[in-house]
Amino acid sequence: ADGGGGGGGSASVSVPVLRRATAADRRAIERLVVWNHLSLSADEPEELEAQERELPADFGVLRDAASFAASAHFVAEAGGEVVASAGVARAEGGEGR
């Protein structure tokens, strides 16, 4: 008997796959990033309120489809779900290389 402590081999763990993000990933990335951002302030009500107000400015590139398309984003996907992301937005007026 396994005893519920794991190691029994019956549970399957999906290994994350790193890939370039597509436009279809934008909303999943936004949800993940916003959740993570706000969870850091969850224990501080005043800080959480300030973070919520600043979301549009902090993550505008994720909220705007054209800005997202002009930047480079990558996701780690496991079990068909985006579990991590990283992105670099082109600087305003920048050439991008």
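**Regarding a negative patch on the surface**
Together, Asp43, Glu44, Glu46, Glu47, Glu54 and Asp58 make up a negatively charged patch on the protein surface. Residue position: Asp43 is located in the loop between helix H1 (26-39) and helix H2 (45-58).

**Thoughts on the sheet that holds strand E3 (residues 81-88)**
Spatial ordering of the open sheet is given by E1-E2-E3, a layout of three strands whose pairing is antiparallel. Only two strands of the sheet have a single partner each, and these edge strands are strand E1 (17-20) and E3. Ignoring strand direction, the axes of neighbouring strands in this sheet form an average angle of 25 degrees. Across four bridges, E1 lies against strand E2 (residues 72-78) in antiparallel orientation. Across the sheet, the residue bridging to Arg19 is Val75, located in E2. Its contacts with the sheet put H1 on E2 and E3, and the angle it makes with E3 is roughly 85 degrees.

**Quick look at the pattern of salt bridges**
Counting across every chain of the model gives five salt bridges. As a salt-bridge pair, Arg19 and Asp25 come within 2.7 Å of each other at their nearest N and O atoms. Here Arg19 falls in the partly exposed class, since its relative accessible area comes to 25%. For Asp25, a relative accessible area of 7% gives the class buried. Residue Arg53 is joined to Glu49 by a salt bridge in which the shortest nitrogen-to-oxygen separation is 3.4 Å. With Arg53 and Glu49 both in helix H2, this residue pair falls four residues apart, about one helical turn. Connected through salt bridges with shared partners, the residues Arg19, Asp25 and Glu77 form a single ionic network.

**Let's talk about the side chain of Ser71**
Note on placement: Ser71 falls in the loop between helix H4 (65-69) and E2. Looking at Ser71, its side chain comes within polar contact range of the main-chain oxygen of Ser67, at 3.2 Å. Polar contacts involving the side chain of Ser71 include one to the main-chain carbonyl oxygen of Phe68, which spans 2.8 Å. Contacts of Ser71, omitting those with residues within four sequence positions, involve Arg20, Val61, Val88, Ala89 and Arg90.

Rules and cut-offs
- Chains are numbered independently. Their residues run from 1 in the order of the written sequence.
- Local features are withheld for residues below a pLDDT of 70 in this predicted model, meaning they are given only at 70 or higher, and side-chain atom pairs are given and counted only at 80 or more; totals for whole chains, interfaces and linings count all residues.
- Processing note: side-chain calculations cover all non-hydrogen atoms of the structure and skip hydrogens and water entirely.
- Patch building starts from residues that exceed 30% relative accessible area and form no salt bridge, then joins like charges within 9 Å and nonpolar side chains (Val, Leu, Ile, Met, Phe, Trp, Tyr) within 5 Å.
- Surface accessibility follows the Shrake-Rupley procedure with a 1.4 Å probe radius. Residue values consider only the protein chains on display as shielding.
- We define a salt bridge as a contact between a side-chain nitrogen of Lys or Arg and a carboxyl oxygen of Asp or Glu at a distance within 4 Å.
- For the purpose of charge, His is not counted, nor are the chain termini; Lys and Arg are scored as positive and Asp and Glu as negative.
- Note on charges: their place is set at NZ of Lys, CZ of Arg, CG of Asp or CD of Glu.
- For the purposes of this entry, the term helix denotes a DSSP run of H or I that reaches at least four residues, the term strand denotes a run of E that reaches at least two, and both are numbered from the N terminus.
- A pair of strands counts as paired when DSSP detects no fewer than two bridges linking them.
- The angle between two axes is taken between their N-to-C directions and runs from 0 to 180 degrees, where each axis is a line fitted to C-alpha atoms and a helix contributes only its stretch in contact.
- Pairs of residues are marked as contacts when any of their non-hydrogen atoms sit within 4.5 Å.
- Three exposure classes are used, based on accessible area relative to the maximum for each residue type with a 1.4 Å probe and protein chains only: buried under 20%, partly exposed in between, and exposed over 50%.
- In protein, a polar contact requires one atom able to donate a hydrogen and another able to accept it; more generally it is a pair of N or O atoms within 3.5 Å, and residues adjacent in sequence count only if both atoms are side-chain atoms.

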